[in-house]
Amino acid sequence: MRSTAPRAATPRRYLMCPPAHFRVTYSINPWMDPGKPVDLPLALAQWEDLRDRYLALGHTVEELEPRRELPDMVFAANGATVVDGRVLGARFAHPERAEEAAVHAAWFRAQGYTDVLEPEHINEGEGDFAVTASWLLAGRGFRSSPLSHPEAQEFFGRPVIGLDLVDPRYYHLDTALCVLDDTTDGEIMYYPGAFSAGSREVLRRLFPDALVATEEDAAALGLNAVSDGRHVLLPQAAVGLFEPLRARGYEPIGMDLGELLKGGGSVKCCTQELRA
C-alpha cells in the first residue's frame, strides 16, 4: 500500500531566463497564435512569482541573460539536459530557436562545466528528456530525433527509454509526463492519450502505480510541472491533479503562468534542472 505520509524535499538548483523579450510572432506548436498579443508585464510578473516560489522553498535559481532576438528563451528547459554535472546540449528542430543552443552552451562553459557535448542529433533538452533515478525517459515524434536517444545513452551512461508522442498538443515529453520523485524509478504522472499504444504499454509496465492524468488536466498543461520530491509546482488550472497528489504525500502548489502558456509552456518549460 502506497504511503500517504509527507515526503521529503531535496534542495535543487535551477536555470531560468526572464521573459524580458517574450512575444508570439510565429507558431511552432499548436498553442502559439500570433494573433493573441502577450501582456509582457504580466508574463514577467508570473515568471517572477515562479522564481520567487523556488527561492522560498529553499532552492537555488541561476538566471540566463535574455536576448531580444530569441523570444522563446524563457523556456529554459529546452536548452540542455544536465545529469551528474555532465551537459548534453540542445539542437533545436526549428530555426526560430536554433541560436538558443549556443547561448546555453556558452553559459555552462562560463560557469565552469567542463563536460559539455554539442549534439549531432536534434533534441530539445529537458523538453524531451526526463530523468529518473536510473533511466532517461525520452520523447520523440515531433521535436526530438530518435537518433538523439542513443547519443544521450552513450553520453550519460544511463538506459534511455524511448516514448512516442502522437498528439501535437503534447509536442514535448514534458507536456505529457512529469517525474515526481527522481530518487526512485517508480513515481511519475502522465497523460496516456499523448502516447502511442506501445508507449502506453511501456509506461504501464514500468510505472504501474503512476498517477494517470485526465484529458482535462493534461489540456491545462498540468503535467508541465516541477517536483522537488515533496512540492509539486504545476498550473493552477489542473485542479484534478491536486487531490491525487496530496493522497500520495505530495504538496501541490498551483501557479498561474497563463501568459507564458501562449507560447506553449508552463512551469517545467521555464525550469531547467542543474543536476550535480
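These numbers come from a predicted model, not from an experiment.

(A) Examining the overall build of the protein more closely. When helices and strands are counted, the protein shows 7 helices and 15 strands. Along the first, second and third principal axes, the C-alpha atoms of the protein reach 50 × 40 × 35 Å. Looking at the protein residue by residue over its 276 residues, the buried ones come to 57%. Element-wise, carbon and sulfur atoms account for 51% of the exposed surface of the protein, whose accessible area totals about 11000 Å². Computing the positive centroid from 27 side-chain charges and the negative centroid from 40, the protein places the two 2 Å apart.

(B) View of the packing of aromatic side chains. The final tally for this structure, using the stated rule, is 8 aromatic pairs. Among the aromatic residues, ring-to-ring pairing joins W107, F108 and Y113 into one connected group. Lying across the ring of F155, R86 places its NZ or CZ 4.2 Å from the centre.

(C) Structural view of the pattern of salt bridges. Summed over all chains, the structure comprises 24 salt bridges. Residues participating in the shared-partner salt-bridge network are R12, E126, D182, K268, E273 and R275.

(D) Inspection of the nonpolar core at higher detail. Ranked by size, the top nonpolar core spans 35 residues in total, and within it L177, M189, F195 and L245 carry the most contacts. Breaking this core down by element, the ones donating at least two residues are β8 (160-164), β9 (177-181), β10 (187-190), β13 (231-235) and α6 (242-247). Sorting elements by how many residues they give to this core places β9 first, with 4 residues. When neighbours within four sequence positions are excluded, L177 is seen to be in contact with A130, L137, L163, I188, M189, Y190, F195, L203 and L223.

Cut-offs and rules
- Sequence order sets the numbering: in each chain, residues are counted from 1 along the sequence as written.
- Reporting of local features is limited, given that this is a predicted model, to residues whose pLDDT is at least 70; pairs of side-chain atoms are given and counted only at 80 or more, and all residues count toward the totals for whole chains, interfaces and linings.
- For side-chain calculations, the full set of non-hydrogen atoms in the structure is used, while hydrogens and water are omitted.
- The secondary structure listing takes helices from DSSP runs of H or I that are at least 4 residues long and strands from runs of E that are at least 2 residues long, numbered from the N terminus.
- The rule is simple: take the accessible area with a 1.4 Å probe, protein chains only, and divide by the maximum for that residue type; under 20% is buried, over 50% is exposed, in between is partly exposed.
- Methods summary: accessible areas were calculated by the Shrake-Rupley approach with a probe of 1.4 Å, and residue burial reflects only the protein chains presented.
- We count Lys and Arg on the positive side and Asp and Glu on the negative side, and we leave His and both chain ends out.
- Taken as the charge centre is NZ of Lys, CZ of Arg, CG of Asp or CD of Glu, depending on the residue.
- Each aromatic pair joins two rings of Phe, Tyr and Trp (for Trp, the six-membered one) with centres within 6.5 Å, and gets the label stacked for planes under 30 degrees apart, edge-to-face for over 60, and tilted for any other angle.
- In this scheme, Lys NZ or Arg CZ marks a charge over a ring once it lies within 6 Å of the ring centre and within 35 degrees of the ring normal.
- Salt bridge, as used here, is a side-chain nitrogen of Lys or Arg placed within 4 Å of a carboxyl oxygen of Asp or Glu.
- As used in this record, nonpolar core signifies buried Ala, Val, Leu, Ile, Met, Phe, Trp, Tyr and Cys residues forming a set joined through side-chain atoms within 4.5 Å.
- In what follows, a contact means two residues having at least one pair of non-hydrogen atoms within 4.5 Å.

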